[in-house]
Amino acid sequence: MKKLIVLIIGILCQIYVFSQNKSYAEILLNMAEKGNVQAQSELGYKYYLGNGVPKDYKKAVHWYRKAAEQGNNIAQNLLGVCYDNGHGVPRNYKQAFIWYGKSAEQGNYFALLNLAMRSEE
């Protein structure tokens, strides 16, 4: 009986978490559409991973670009990753390098690492 109760509680918790993710994605979308840079970057990441929304690289790129053009170094790096891997955009190493560079100029260590790896090829 105790195992059944724990199982039911676990299922209810997962349902709650899933519903929160979905509503959180809706909140992010509302904020992103109003120009919130952090929300745009985070929404791009949700679309990239398919976390709370269907995985969609093109939508990820859309939101990353909006945030990146406003100077968000995380979105700049992740937009570079999209160009580097051809996720949502045609593979373009020059564009990847440009976005990594913009992010690295702001001290993003992941972008610095991506630049180093890109320059080795």
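Nothing here was measured: the structure is a model prediction, and the numbers come from that model.

**Q** I would appreciate a short explanation of the overall build of the protein in the present structure.
**A** Secondary structure assignment for the protein yields six helices and zero strands. Listed N to C, the secondary structure of the protein is α-α-α-α-α-α in terms of helices and strands. Within the span of the protein, comprising 121 residues, buried residues form 34% of the whole. Contacts in the protein between residues far apart in sequence, at least 24 positions, make up 41% of those at least 6 positions apart. Surface exposure of the protein reaches about 7,800 Å², of which carbon and sulfur atoms provide 61%.

**Q** Before we go on, may I ask you to explain the packing of aromatic side chains in this structure?
**A** The geometry of two aromatic rings is summed up by the distance between their centres and the angle between their planes. Under the definition given, this model contains two aromatic pairs. Consider the rings of Y48 and Y57, whose centres lie 4.9 Å apart with planes at 45°: the pair is tilted. A relative accessible area of 15% means that Y48 is categorised as buried. An aromatic cluster is built from Y48, Y57 and Y64, whose rings are joined through pairwise contacts.

**Q** In this structure, what is going on with the nonpolar core? I would like to understand it.
**A** A general feature of soluble globular proteins is that nonpolar side chains tend to end up buried together. The biggest cluster of nonpolar side chains holds 27 residues, and the ones touching the most others in it are L43, Y47, Y48, Y64, L79, C82 and Y83. Residues within four places of Y83 in sequence aside, it is in contact with R65, V89, P90, R91, N92, Q95, A96 and W99.

**Q** Help me out: how do you make sense of the packing of helix α2 (residues 37–49) against helix α4 (residues 73–85) in this one?
**A** When two helices pack together, their arrangement is captured by the angle between the axes and the distance separating the axes. Orientation of α2 relative to α4, taken along the N-to-C sense of each, is 30°, at an axis distance of 10 Å. Here α2 lies roughly parallel to α4, going by the angle between them. Where α2 crosses over α4, the handedness of that crossing is left-handed. Taken together, the residues of α4 that come into contact with α2 (itself represented by S41, Y45 and Y48) are I74, A75, L78, V81 and C82.

**Q** What exactly am I supposed to notice about α4 here?
**A** Think of an α-helix as 3.6 residues a turn; residues three or four steps apart then line up on the same face. End to end, α4 covers 18 Å across 13 residues, agreeing with the expected 18 Å (1.5 Å per residue, within 8%). With respect to burial, α4 is a largely interior element, 10 of its 13 residues being buried. Among all positions of α4, only A75, Q76, N77, L78, L79, G80, V81, C82, Y83 and D84 are buried. Measuring from the backbone nitrogen of I74 back to the side-chain oxygen at the start of α4 gives 3.1 Å, which picks out N72 as the cap. Where α4 terminates, the next one or two residues include G86, which has phi positive at roughly 70°.

Thresholds, definitions, all that
In every chain, residue numbers begin from 1 and rise along the written sequence. Local features in a predicted model are, by the rule used here, given only for residues with pLDDT of at least 70; side-chain atom pairs are given and counted only at 80 or more, and totals for whole chains, interfaces and linings are based on all residues. Working from all heavy atoms in the structure, the side-chain values ignore hydrogens and water. The numbering of helices and of strands both runs from the N terminus, where a helix is a DSSP run of H or I of at least 4 residues and a strand a run of E of at least 2. Each residue is assigned to one of three classes by its accessible area relative to the maximum for its type, calculated with a 1.4 Å probe on protein chains only: buried under 20%, partly exposed between the two thresholds, exposed over 50%. Any two residues having at least one pair of non-hydrogen atoms within 4.5 Å are treated as being in contact. Where accessible areas are quoted, they stem from the Shrake-Rupley method and a 1.4 Å probe; at the residue level, only the protein chains shown are allowed to cover. For Phe, Tyr and Trp, where Trp contributes only its six-membered ring, two rings pair if their centres lie within 6.5 Å, and the inter-plane angle classes them as stacked under 30 degrees, edge-to-face over 60, or tilted in between. Residue types Ala, Val, Leu, Ile, Met, Phe, Trp, Tyr and Cys, when buried and joined through side-chain atoms within 4.5 Å, form a set referred to as a nonpolar core. Convention adopted: a line fitted to C-alpha atoms gives each axis, helices being fitted over their contacting stretch, and angles between N-to-C directions are expressed from 0 to 180 degrees. By definition in this entry, angles of less than 35 degrees are roughly parallel, angles greater than 145 are roughly antiparallel, angles of 65 to 115 are roughly perpendicular, and the rest are oblique. The crossing is said to be left-handed when, going from far helix to near helix, the turn is anticlockwise and less than a right angle, and right-handed when the turn is clockwise. Under the convention used throughout, the expected extent of a helix is 1.5 Å for every residue step, that is, one less than its residue count. Residues adjacent in sequence count toward polar contacts only when both atoms are side-chain atoms; beyond that, a polar contact is any pair of N or O atoms within 3.5 Å, and within protein one must be able to donate a hydrogen and the other to accept it.

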